[in-house]
Amino acid sequence: MMSIDKTPCKWYPVCPMRRFYKKGLLDKYWIGHYCQGEWTHCVRYQMEAEGRYHPDWMLPDGTLAPALKKG
Ligand code: SF4
């Protein structure tokens, strides 16, 4: 559920999930649930904070989605 009183993830402007979503390759669920919702639960966010490598095509829950590679 999206919440209007919550600050979105600070990485959203540069996150590949935003790019995939804009291209229609990614379901809005991911943006609403993580980027504009519980971004502290996002594995991408956590790995970024720890400086750990993660591919652009890894979903917020940590699932690798090779289909996104082309995006
Ligand atoms: S996918 Fe994760 S790191 Fe990227 S903008 Fe959304 S919450 Fe932030």
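Details of the structure are given in the entry above.
Bear in mind the structure is a predicted one, so any value in this text is a computation, not a measurement.

## Focus on the site of the ligand
Neighbouring the ligand are Cys9, Trp11, Tyr12, Cys15, Met17, Tyr34, Cys35, Trp39, Cys42, Arg44, Tyr45 and Pro60. The pocket occupied by the ligand, as judged from atoms lying within 2 Å of grid points, is the largest pocket. Looking at the shell around the ligand, the elements with two or more residues in it are α2 (28-35) and α3 (43-49).

## Some thoughts on the environment of Pro60
Checked against the element boundaries, Pro60 lands in the segment after α3. Residue Pro60 is classed as buried on the basis of its relative accessible area, which comes to 1%. When the C-alpha atoms of Pro60 and Cys42 are compared, they prove to be 4.8 Å apart, with 18 residues separating the residues in sequence.

## Observations regarding the pattern of salt bridges
Any two side chains of opposite charge can pair, on the condition that their charged atoms come close. If you walk through the whole model with that rule in mind, you get two salt bridges. With a closest N to O distance of 3.8 Å, Arg19 and Asp56 form a salt bridge. Taken as a pair, Arg19 in helix α1 (residues 16-22) and Asp56 in the segment after α3 lie far apart in primary sequence, 37 residues in all. Owing to a relative accessible area of 37%, Arg19 belongs among the partly exposed residues under this scheme. The partner of Glu50 in a salt bridge is Arg52, with the nearest N and O atoms 2.6 Å apart.

## As for the layout of surface pockets
Empty space within the largest pocket amounts to approximately 200 Å³. Contributing to the lining of the largest pocket are 17 residues, with Trp11, Cys15, Pro16, Arg44 and Glu48 lying nearest its centre. Those elements giving two or more residues to the lining of the largest pocket turn out to be α1, α2 and α3. For the lining of the largest pocket, the element with the most residues is α3, which contributes three residues.

Conventions we followed
Residues numbered from 1 in each chain as written. Predicted model: local features only at pLDDT ≥ 70, side-chain atom pairs only at ≥ 80, totals over all residues. Heavy atoms only, no water. Near = heavy atom within 4 Å. 1 Å grid on protein atoms, 1.4 Å probe; cavity = no way out; pocket = protein on both sides within 12 Å on 5 of 7 lines; lining within 4 Å. Sits in = over half its atoms within 2 Å of the grid points. Helix = DSSP H or I, 4+ residues; strand = E, 2+ residues; numbered from the N terminus. Buried < 20%, exposed > 50% of the residue type's maximum accessible area, 1.4 Å probe, protein only. Salt bridge = Lys/Arg side-chain N within 4 Å of Asp/Glu carboxyl O. Points joined across faces, edges and corners; volume = space filled by probe spheres on them.

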